[in-house]
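Working through the structure, step by step
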Amino acid sequence: MLSHHERRELERIQEWFERNDPHLAKALGEVGKPGGWARSRPLRYSIDALAIALIILGVVTLNFGLIFFGAVCLAAAACLHVTRWNDAPVRHRRLE
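Because the structure is predicted, anything quoted here is derived from the model rather than measured.

Rules and cut-offs
Residues numbered from 1 in each chain as written. Predicted model: local features only at pLDDT ≥ 70, side-chain atom pairs only at ≥ 80, totals over all residues. Heavy atoms only, no water. Salt bridge = Lys/Arg side-chain N within 4 Å of Asp/Glu carboxyl O. Helix = DSSP H or I, 4+ residues; strand = E, 2+ residues; numbered from the N terminus. Buried < 20%, exposed > 50% of the residue type's maximum accessible area, 1.4 Å probe, protein only. Axes fitted to C-alpha atoms, helices over the stretch in contact; angles between N-to-C directions. Parallel < 35°, antiparallel > 145°, perpendicular 65-115°, else oblique. Contact = heavy atoms within 4.5 Å. Nonpolar A, V, L, I, M, F, W, Y, C, P; charged D, E, K, R; others polar. Patch = residues over 30% accessible without salt bridge, like charges linked within 9 Å, V, L, I, M, F, W, Y side chains within 5 Å. Areas by Shrake-Rupley, 256 points an atom, 1.4 Å probe, with all protein chains shown as cover.

Here we take up the pattern of salt bridges. Scanning the entire structure with this criterion turns up 1 salt bridge. Between Arg12 and Glu9 there is a salt bridge whose closest N-O contact spans 3.3 Å. Note that Arg12 and Glu9 are positioned in helix 1 (residues 4–20) at a spacing of 3 residues, about one turn of the helix. Take Glu9: its relative accessible area is 25%, and that puts it in the partly exposed class.

Our focus in this paragraph is unusual backbone geometry. Excluding glycine, a negative phi dihedral is what most residues carry, and trans is how most peptide bonds are arranged. Located in the positive-phi region is Leu62, a residue other than glycine, with phi close to 55°. Among the structural elements, Leu62 can be located in the loop between helix 3 (41–61) and helix 4 (64–82).

With that settled, the discussion passes to the packing of helix 1 against helix 2 (residues 22–29). Between helix 1 and helix 2, whose axes approach to 5 Å, the crossing angle comes to 125°. Classified by the angle their axes make, helix 1 and helix 2 are oblique. Counted together, Phe17, Glu18, Arg19 and Asn20 of helix 1 and Pro22, Leu24 and Ala25 of helix 2 form the full contact between these two elements. Partitioned by chemical class, the residues of the contact of helix 1 with helix 2 number 4 nonpolar, 1 polar and 2 charged.

Let us look at a nonpolar patch on the surface. On the surface, a cluster of nonpolar side chains totalling about 370 Å² of accessible area is made up of Ile52, Ile56, Val60 and Leu74. In terms of residues, the nonpolar patch owes the most to one element, helix 3, which gives 3 residues. Structurally, Ile52 is set in helix 3. Among the residues examined, Ile52 registers a relative accessible area of 46% and is labelled partly exposed.

Next up on the list: the environment of Leu57. One can find Leu57 in helix 3. Through-space distance from the C-alpha of Leu57 to that of Ile67 is 7.8 Å; in sequence the pair is 10 residues apart.

In structure tokens:
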């Protein structure tokens with residue numbers, strides 16, 4: 001939790017940004033729906049399937065490279081699932 005002085009300083013910095021560079025302040029304050037290919041649910045699930053298939057194929061053929069690449073794909077898929085964005089509209093965030 002921020003102290004009263006820290007909160008006041010952060011509000012002062014935020015107001016300075018809003019006065020001097022409103023586009024940057026708006027970009028930094030946006031929360032919610034970013035655009036991009038990572039939002040695609042079928043893409044996330046297909047990366048899951050690819051990773052599992054690579055790991056199984058690597059285990060069957062005893063190929064460490066396939067197992068490693070499958071693990072990397074699985075880690076990337078996990079990151080996409082954890083950081084998936086909701087469909088909430090973009091809103092502007094203010095310090096509270």
